[in-house]
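Commentary on secondary and tertiary structure
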Amino acid sequence: MADPEPVEKLREFLSRYYADEIAELAQQYPQDRRSLFIDYGDLYIFDNALADDWMTEPEQLQAFAEQALRSYDLPADIGFAHAHVRLVNLDQGQTYYPGTFSPQDRAGEYLAIEGQVAKATESYAKMIEATFECERCGTQTTVPQADEDSFQEPHECAGCERQGPFSINIDRSEFVDAQKLRVEEPPEVVQGGSASYIDVYVEDDLVAEATPGDKVTVYGTLHLQQEGNNRQKKNKFTPYLTGEGIELRDTEFEDIDITPDEREEIERLAAETDIYQQAIDSIAPGVHGYEDQKLALFFQLVGGVRATYPDGTTDRGDTHILMIGDPGTAKSTLMDAVEELAPRSVSVSGEGASKSGITAAAVRDDFGDNGEWTLEAGALVQANNGVACVDELDKVADDVAESMHRAMAQQRIPVNKAGINTTLPAETAVLAAANPEYGRWSHDMDYHQQITLSATLLSRFGLIWKFEDRPDEEDDRTIGDHILASKETAKRITRTDFDEQTDTDIEPAIDHDLFRKYIAYAKSEVPDPVMASQEVREKMVSNFVALRGANGYNDADAAVPVTFRKLEDVHRLAEAAARAELSETIEPRHVKRAQELIGASIREFGMNEDDEFDADIVETGTSKPQEQRIREVKELINENQPSQGGLPIGKLTTIAEDEYGIDESVAEQTVEQLKKKGEAYEASSSAYRVFNG
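Described below are features of the structure shown in this document. (Residues numbered from 1 in each chain as written. Predicted model: local features only at pLDDT ≥ 70, side-chain atom pairs only at ≥ 80, totals over all residues. Heavy atoms only, no water.)

Each helix and strand counted, the chain has 24 helices and 27 strands in total. Here the chain holds 693 residues, and the buried ones make up 48% of them. The chain carries 66 positive and 136 negative side-chain charges, and their two centres are separated by 4 Å. (Helix = DSSP H or I, 4+ residues; strand = E, 2+ residues; numbered from the N terminus. Buried < 20%, exposed > 50% of the residue type's maximum accessible area, 1.4 Å probe, protein only. Lys, Arg positive; Asp, Glu negative; His and termini not counted. Charge placed at Lys NZ, Arg CZ, Asp CG, Glu CD.)

Structure (structure tokens):
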């Protein structure tokens, strides 16, 4: 029986503080609501000793509170037989991230855990009262089931006093919906490291309250579970939480505390300095050059504006960036810098990555018991409203690349498998790095032919930068001197002989912590910038029209012009440029910066072998001249292949050069392209046929 004193105190508390809420619960119980949520602050004001007792003896105090609720003065036809009383809104001193407290010191206590849901099992039925029937005499016995990891049976039958056998009467047993969640430290707290986590078990109306990717505060009692099994137990105990409350938090950057002085300094930097150059000098200062790339990364970190139209459709504001090129060209260093500076970031390697690792998926793994399906959030979901850094993009499997392409375009990830039907948000900017097909650029082949990424995936990157390790005496001397001087300066800083006049300055222009807060401030506090005037919009359109018509509007043989996606990319970058200056309006200078970056990227990756803008390079992976050569080589094979066997490569290259002016090495590369496209095959050693011949 419940202790009458705390039950009476809690009944008085509920009557004084929650009469209206209890009346609402009575109207909606049990179909629409099954819990009364009470605020820790209210309980502490009413009786601080009672609030303290709840922290140290949560299961007992919750039982008292639910007894008080059931005995509350209600109309005769209303009862709260299975209603819950859930304590929420704990003090900051009682709130932790996973891994930031000592489990053995808090075991059995009530606390709050903040984090991000990384995994969630499907809902399952948990038996809380099992009704057993004796197979000898038919007597029924009810046994409460308190522990999910064990199952309690009657010791003996109450009727015949024999030890079974017993069978479970499912119809008379009581079940509750249950679910297991994994809550991790959020990306903005981890800053790119390995996230600590804690598993949380929730029941009844808390099931399906949160999905992977959600930021949450979970309230509950901390327990320690011994690892191992009945045969061999381990001397290791894992903490877990029995959840009693879940609050969804917004996805902005409330965990990044910006003081009034820092806010003032951020606004001063935007108003009094060339913030673009300051940002360039603050992103990987040990890396020489790459100013366009660093400015583009700054704009990606700040981001554009997500537009929502009256019909519910949206346009993303994030710019996706791809760095592709030789090893040793600072791609990884730049990616590391973004990962550390982004207020929210998650990194993943494409090599061996699954859908769940990059996007999201329903999987079967050790997290779910008995082969249960688990909904698992990947990097694009976990980094929602931030940056996902994907290394070795060229090594992702085809199905992963397909799911990634859809997520980058739609910024949401549908999961429909094994009864799990949901859509997860992925409003995430992607920064990816990849290598050419043979590890580094080959000067014997057109560089577009050395890219193994699918055309659909390539088309989602607004900026693609080509990184090439090309020897140049003057550049090599400058970069080499910068590398060595930076290393020497780093050593001298810890000594007494550091000379600010002569030693290389490797310090970022803006302090790392302040720069990170600057980015968070620009993303969350600056109003969505709009065009300063009609003239700005007209100028942006005119410049795009000029770029689109660079190869001639009426020339049927001209390369495919840039697509309207590039206009959208310019607009996103112009928005980011404005937000970077904390500007509410998009001015001509913002548009100019955006167009300069788009132009620089196109010059690196959007030009075909005839030195023309060619949208097909990104849209299809093949330039218009290449497509023409492919058609010509396919045609000559078809016309010259014998009735049996294939056309020898030597004869093929001779015909290609004589009739079409195609160089021997280019002809051989084109044959390889036909093979990859599935339009030609090697009928015999170095002799080829086309399938439609």
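Next comes the rest of the account.
If you walk across this open sheet you meet the five strands as β15-β18-β21-β14-β22, and the pairing is parallel. Among the strands making up the open sheet, the edge pair consists of β15 (345–349) and β22 (463–467). The mean angle between the axes of side-by-side strands here comes to 15 degrees, regardless of whether they run parallel or antiparallel. In this structure, strand β18 (residues 387–391) lies alongside strand β21 (residues 429–434), joined through four bridges in parallel fashion. Within β21, the residue paired with Cys 389 across the bridge is Leu 431. (Pairing = 2+ DSSP bridges. Axes fitted to C-alpha atoms, helices over the stretch in contact; angles between N-to-C directions.)

On to a positive patch on the surface, then. A surface patch of like charges, here positive, comprises Lys 355, Arg 364, Arg 406, Arg 412 and Lys 417. Relative to the elements of secondary structure, Lys 417 occurs in strand β19 (residues 412–417). (Patch = residues over 30% accessible without salt bridge, like charges linked within 9 Å, V, L, I, M, F, W, Y side chains within 5 Å. Areas by Shrake-Rupley, 256 points an atom, 1.4 Å probe, with all protein chains shown as cover. Salt bridge = Lys/Arg side-chain N within 4 Å of Asp/Glu carboxyl O.)

So, about the pattern of salt bridges. Throughout the structure, instances matching the rule amount to 29 salt bridges. Between Glu 272 and Arg 268 there is a salt bridge whose closest N-O contact spans 3.4 Å. Of this pair, Glu 272 and Arg 268 both sit in helix α8 (residues 260–272), separated by four residues, roughly a single helical turn. For Arg 268, a relative accessible area of 30% gives the class partly exposed. Connected through shared salt-bridge partners, Glu 5, Lys 9 and Asp 47 make up one network.

On to the layout of surface pockets. Its boundaries defined by the atoms lining it, the largest pocket holds a volume of some 1300 Å³. Taken together, 36 residues line the largest pocket, and the ones lying closest to its centre are His 84, Lys 126, Ile 128, Glu 203 and Glu 244. The element that contributes the greatest number of residues to the lining of the largest pocket is helix α5 (residues 58–70), accounting for five residues. Tallied by class, the residues present in the lining of the largest pocket amount to 13 nonpolar, nine polar and 14 charged. (1 Å grid on protein atoms, 1.4 Å probe; cavity = no way out; pocket = protein on both sides within 12 Å on 5 of 7 lines; lining within 4 Å. Points joined across faces, edges and corners; volume = space filled by probe spheres on them. Nonpolar A, V, L, I, M, F, W, Y, C, P; charged D, E, K, R; others polar.)

As a further point, take the environment of Val 526. Its location among the elements puts Val 526 in the loop between α17 (512–525) and β23 (530–531). Residue classification places Val 526 among the buried residues on the basis of a relative accessible area of 8%. A C-alpha to C-alpha distance of 40 Å links Val 526 and Ala 51, two positions 475 residues apart in sequence. Contact partners of Val 526, with chain neighbours within four places excluded, come to Tyr 521, Arg 579, Leu 582 and Ser 583. (Contact = heavy atoms within 4.5 Å.)

Once that is clear, we can look at the nonpolar core. Counting 66 residues, the largest nonpolar core has Phe 298, Phe 299, Leu 431 and Phe 515 as its most contacted members. Among the elements that make up this core, the one with the highest residue count is helix α19 (residues 564–580) (eight residues). Residues within four places of Phe 299 in sequence aside, it is in contact with Tyr 276, Leu 573, Ala 576, Ala 577, Ala 580, Arg 593 and Leu 597. Counting 42 residues, the second-largest nonpolar core is a separate cluster that includes Leu 393, Trp 441, Leu 457 and Phe 605. (Core = buried A, V, L, I, M, F, W, Y, C linked by side-chain atoms within 4.5 Å.)

With antiparallel pairing, three strands are arranged side by side in an open sheet as β25-β27-β26. Since the sheet does not close on itself, it has two edges, and those belong to β25 (647–648) and β26 (680–684), each with one partner. The sheet contact formed by β25 and strand β27 (residues 687–690) spans two bridges and is antiparallel. When the sheet's bridge partners are listed, Leu 647 is paired in β27 with Tyr 688.

Once that is clear, we can look at the packing of aromatic side chains. A full pass over the atoms with the stated rule returns 16 aromatic pairs. Aromatic side chains Phe 544 and Phe 564 sit 5.0 Å apart centroid to centroid with 45 degrees between the ring planes, which places their arrangement in the tilted category. Placement of the pair is Phe 544 in helix α18 (residues 534–548) and Phe 564 in helix α19, with a sequence separation of 20 residues. Aromatic ring contacts, followed pair by pair, group Phe 13, Tyr 17, Tyr 18 and Phe 46 into a single cluster. Over the aromatic face of Tyr 197 sits the side chain of Arg 182, whose NZ or CZ is 4.0 Å from the ring centroid. Its guanidinium or amino end placed over the ring of Trp 441, Lys 466 lies 5.4 Å from that ring's centre, counting from NZ or CZ. (Phe/Tyr/Trp six-rings, centres within 6.5 Å; stacked < 30°, edge-to-face > 60°. Lys NZ or Arg CZ within 6 Å of the ring centre and 35° of its normal.)

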